[in-house]
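# Descriptive structure summary
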Amino acid sequence: MQATLKRPVFTHTLWHQCELVYSQNPSAYLQLQDSYHVNVNILLLAQYLDQQAFLLSAEQWQSMLGVIEKWEDSVLVPYRQLRRIAKRHLAEDEYQKMLDVELIMERKSQQFILQKLHSLDGQSTSNSTDTCSPSVSSNVNAYLGIYGLDDSAI
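Treat the numbers as computed from the prediction; the structure is a model and nothing was measured.

## A look at the packing of aromatic side chains
If you walk through the whole model with that rule in mind, you get six aromatic pairs. Relative to Phe 112, the ring of Trp 71 has its centre 6.1 Å away and its plane inclined at 70°; by these criteria the two rings are edge-to-face. Note that Trp 71 is positioned in helix H4 (residues 58–86) and Phe 112 in helix H5 (residues 92–118), a separation of 41 residues in sequence. With relative accessibility at 22%, the residue Phe 112 sits in the partly exposed group. Aromatic rings pair up to connect Phe 10, Tyr 48 and Phe 54 into one cluster.

Encoded structure:
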């Protein structure tokens, strides 16, 4: 049976681990972002939390999206679209500067996500004997399920 767990303290250093995972297959993450509007930071966090055996519900993943929705819809996504359009009109160093600004914006999203994570209680899956369906026992499946996807999409 899954036990409620006092939430662990997660620090900004978890993003370093997430970036390492991202660097192994960035095109797969970007494909999910571009095709399904999956938030890559949240997906990477879901993978990280699966490794930590700290399970959040689909509703908690939905609330995580709500925290960054306004910021990303009004600032980050339009900037990303502008950067992509501008790419063919810019020198390499100018384009790199745009990428650097986008990374700053991504870090801001990560701060919002981390703040929300600290407010959520999860469940430990390390000693679970439940035979739950994959969508219940995996953060990745719970998050991707919002988009009608599962972990086979990665």
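Still more ground to cover, so stick around.
## Notes on the pattern of salt bridges
If you walk through the whole model with that rule in mind, you get five salt bridges. Among the salt bridges present, the one from Glu 19 reaches Arg 107, with a minimum N-O distance of 2.4 Å. Within this pair, whereas Glu 19 is found in helix H1 (residues 14–24), its partner Arg 107 is found in helix H5, the two being separated by 88 residues in sequence. Notably, a salt bridge pairs Glu 102 with Arg 83, separated by 2.3 Å at the nearest N-O pair. You can see Glu 102 sitting in helix H5 and its partner Arg 83 sitting in helix H4, a full 19 residues away along the chain. Owing to a relative accessible area of 7%, Arg 83 belongs among the buried residues under this scheme. Through salt bridges with shared partners, a single network forms among Arg 80, Arg 83, Glu 102 and Glu 106.

What counts and what doesn't
- Residues numbered from 1 in each chain as written.
- Predicted model: local features only at pLDDT ≥ 70, side-chain atom pairs only at ≥ 80, totals over all residues.
- Heavy atoms only, no water.
- Phe/Tyr/Trp six-rings, centres within 6.5 Å; stacked < 30°, edge-to-face > 60°.
- Helix = DSSP H or I, 4+ residues; strand = E, 2+ residues; numbered from the N terminus.
- Buried < 20%, exposed > 50% of the residue type's maximum accessible area, 1.4 Å probe, protein only.
- Salt bridge = Lys/Arg side-chain N within 4 Å of Asp/Glu carboxyl O.

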